[in-house]
Amino acid sequence: MEDKNFGLYDIVEMKKQHPCGTNRWKIIRMGADIRIKCEGCGHSVLLPRREFARKLKKILVKHEEA
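Residues numbered from 1 in each chain as written. Predicted model: local features only at pLDDT ≥ 70, side-chain atom pairs only at ≥ 80, totals over all residues. Heavy atoms only, no water.

Colleague: It is not clear to me how the overall build of the protein chain should be interpreted in this structure. Could you clarify?
Modeller: Looking only at helices and strands, the protein chain features one helix and five strands. Mapped from its N terminus to its C terminus, the protein chain presents α and β elements in the order β-β-β-β-α-β. For the protein chain, the proportion of its 66 residues judged to be buried stands at 26%. Relative to all contacts within the protein chain whose residues are 6 or more apart in sequence, the contacts with residues 24 or more apart total 37%. Split by element, the accessible area of the protein chain, about 4,700 Å² in all, is 48% carbon and sulfur. (Helix = DSSP H or I, 4+ residues; strand = E, 2+ residues; numbered from the N terminus. Buried < 20%, exposed > 50% of the residue type's maximum accessible area, 1.4 Å probe, protein only. Contact = heavy atoms within 4.5 Å. Areas by Shrake-Rupley, 256 points an atom, 1.4 Å probe, with all protein chains shown as cover.)

Structure follows, in structure tokens:
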């Protein structure tokens, strides 16, 4: 399986679109579970890390750490 290097505050695209019509999500919490927030409507979802990695399509914007 391809190792996708995602980090906190990255903007990602998931395989399935959110019902609001947007497919852009921001990672807002990382740990054993990952919380992502929809960029369209602001709804947040908590997923286990393994499920998140499986449903992740690609990383759109990497968060730049100063």
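Colleague: Just to check I follow, could you spell out the environment of G40 for this structure?
Modeller: Mapped onto the elements of the fold, G40 is located in the loop between β3 (33-38) and β4 (44-48). As for G40 and I11, which are separated by 29 residues in sequence, their C-alpha atoms are 12 Å apart. Discounting residues that sit within four places of it in the chain, G40 has contacts with C20 and T22.

Colleague: I'm lost on the pattern of salt bridges in this one. Help?
Modeller: One side chain can pair with another of opposite charge once the charged atoms of both are near each other. Throughout the structure, instances matching the rule amount to four salt bridges. In this structure, the salt-bridge partner of D10 is K62, at a minimum N-O distance of 3.3 Å. With a gap of 52 residues between them, D10 in the segment before β1 (11-14) and K62 in the segment after β5 (56-61) connect regions that are remote in the sequence. In this structure, K55 and E51 form a salt bridge, with 2.9 Å as the shortest nitrogen-oxygen distance. Of the two residues, K55 and E51 both sit in helix α1 (residues 49-55), four residues apart, roughly one turn of that helix. Salt bridges linked by common partners bring E13, K57 and K58 together as one network. (Salt bridge = Lys/Arg side-chain N within 4 Å of Asp/Glu carboxyl O.)

Colleague: Looking at this model, I keep getting lost on the packing of aromatic side chains. Mind explaining?
Modeller: Both the distance between ring centres and the angle between the ring planes are used here to describe each pair of aromatic rings. The final tally for this structure, using the stated rule, is one aromatic pair. Consider the rings of F6 and F52, whose centres lie 4.9 Å apart with planes at 80°: the pair is edge-to-face. Pair noted here: F6 is in the segment before β1 and F52 is in helix α1, with a separation of 46 residues, a long-range link. Like F6, the residue F52 is buried in the burial classification. (Phe/Tyr/Trp six-rings, centres within 6.5 Å; stacked < 30°, edge-to-face > 60°.)

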